[in-house]
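The primary structure of each chain is shown beneath.
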Amino acid sequence: ANQKPSISQLTKINELITLTGAVGFNTQPQTKKEASQIINSLMDSYEEMYGVQMASEKQIETYKKMANALNLEVPEYITELSSREISNDIRYLSSRYNKVATASEGQIKFIKSLCAQTLQPVPENIETINKADASKLIDKMSRELLYIKMRRTMQTITRDEIKKLD
């Protein structure tokens, strides 16, 4: 709730403001929660103007992939959901999915790149690591790389100061 809004959230807010001609909305929310509230409000206006947007094929495929990985039954009405409804369902499934699904090819490549840059060995379980653990490892290794690079110009910086950075 207190994390900074994502770039995609900020982009979505600006896109919806442009599409709806809305005025008076905060275009620089301070938290993800605040950004979500603004997006929901703007989506209400968008749907009033343009109607409800149905779930896209990509959303349906993503939902099915996550449900199958979690051994959940895909409901027959999945194709009748709105884009907003299926997005909420995907968001709900994603935290559970990320704990069981293996890391993406991009995550694995990035971890290998970070290992090379920090002169660390590639983890033995790299091919079977789950998405959530891969994200945590990427964050940890990125901070280590930042520390190494920062030490070149700011010899007094500490690892604790790096940990405090967003």
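Starting from 1, residues in each chain are numbered consecutively following that chain's sequence as written. In keeping with the predicted nature of the model, local features appear solely for residues at pLDDT of at least 70, side-chain atom pairs appear and are counted solely at 80 or more, and the whole-chain, interface and lining totals rest on all residues. With hydrogens and water set aside, each side-chain value is computed from the structure's full complement of heavy atoms.

(A) Local environment of the overall build of the chain. Helix and strand definitions here come from DSSP, where helices need a minimum of 4 consecutive H or I residues and strands a minimum of 2 consecutive E residues; each element is numbered from the N-terminal end. On a plain count of helices and strands, the chain comes out with 7 helices and 0 strands. Ordered by position from the N terminus, the helices and strands of the chain form the series α-α-α-α-α-α-α. Our radius of gyration looks at C-alpha atoms and nothing else; its globule reference is 2.2 Å times the residue count to the power 0.38. Here the chain has a C-alpha radius of gyration of 20 Å; the compact-globule value for 166 residues is 15 Å, and the former is much larger. Judged by the C-alpha coordinates and their principal axes, the chain covers about 55 × 45 × 20 Å. Scored against the burial criterion, the 166 residues of the chain give a buried share of 31%. By element, 51% of the accessible surface of the chain is carried by carbon and sulfur atoms, the whole surface being about 11,400 Å². Charged-residue counts in this description rest on Lys and Arg as positive and Asp and Glu as negative, His and the chain ends being excluded. Charge positions come from single atoms, namely NZ of Lys, CZ of Arg, CG of Asp or CD of Glu. Here the chain contributes 23 positive and 21 negative side-chain charges, whose respective centroids are spaced 10 Å apart. The buried label goes to any residue with under 20% of its type's maximum accessible area, the exposed label to any with over 50%, and the partly exposed label to all in between, with areas taken from a 1.4 Å probe on protein chains only. Surface accessibility in these figures is a Shrake-Rupley result with a 1.4 Å probe; residues are shielded only by whichever protein chains are displayed.

(B) Structural context of helix α4 (residues 83-100). Helix span, expected: 1.5 Å multiplied by one less than the number of residues in the helix. With 18 residues, α4 extends 25 Å from end C-alpha to end C-alpha; this agrees with the ideal 26 Å at 1.5 Å per step. A residue's bend is the angle separating two fitted axes: one through the seven residues that end there, the other through the seven that start there. The sharpest bend along α4 comes to roughly 40°, located at Ser-94. Among the residues of α4, those classed as buried are Ser-83, Ile-86, Ile-90, Leu-93 and Tyr-97. Packed against the buried residues of α4 are α3 (57-69) and α6 (131-153). By definition, residues are in contact when any of their heavy atoms lie within 4.5 Å.

(C) Spatial organisation of unusual backbone geometry. The phi torsion at Asn-71 lies on the positive side, around 60°, for a residue other than glycine. Within the element layout of this structure, Asn-71 appears in the loop between α3 and α4. For Asn-71, a relative accessible area of 70% puts it in the exposed group. Even without being glycine, Leu-119 reaches a positive phi, approximately 60°. Mapping Leu-119 onto the fold places it in the loop between α5 (105-118) and α6.

(D) Local environment of the nonpolar core. One finds Tyr-63, Ile-78 and Ile-86 to be the most contacted residues of the largest nonpolar core, which totals 13 residues. For this core, the elements supplying multiple residues, two or more each, are α3 and α4. Excluding its chain neighbours within four sequence positions, the residues that come into contact with Ile-86 are Ala-55, Gln-59, Ile-60, Tyr-63, Ile-78 and Leu-81. Among buried residues, the Ala, Val, Leu, Ile, Met, Phe, Trp, Tyr and Cys ones that are joined through side-chain atoms within 4.5 Å form a nonpolar core. One finds Ile-111, Leu-114, Ile-126 and Ile-138 within the second-largest nonpolar core, a separate group that totals 12 residues.

Fair warning: the whole summary comes from geometry, so function is off the table for now.
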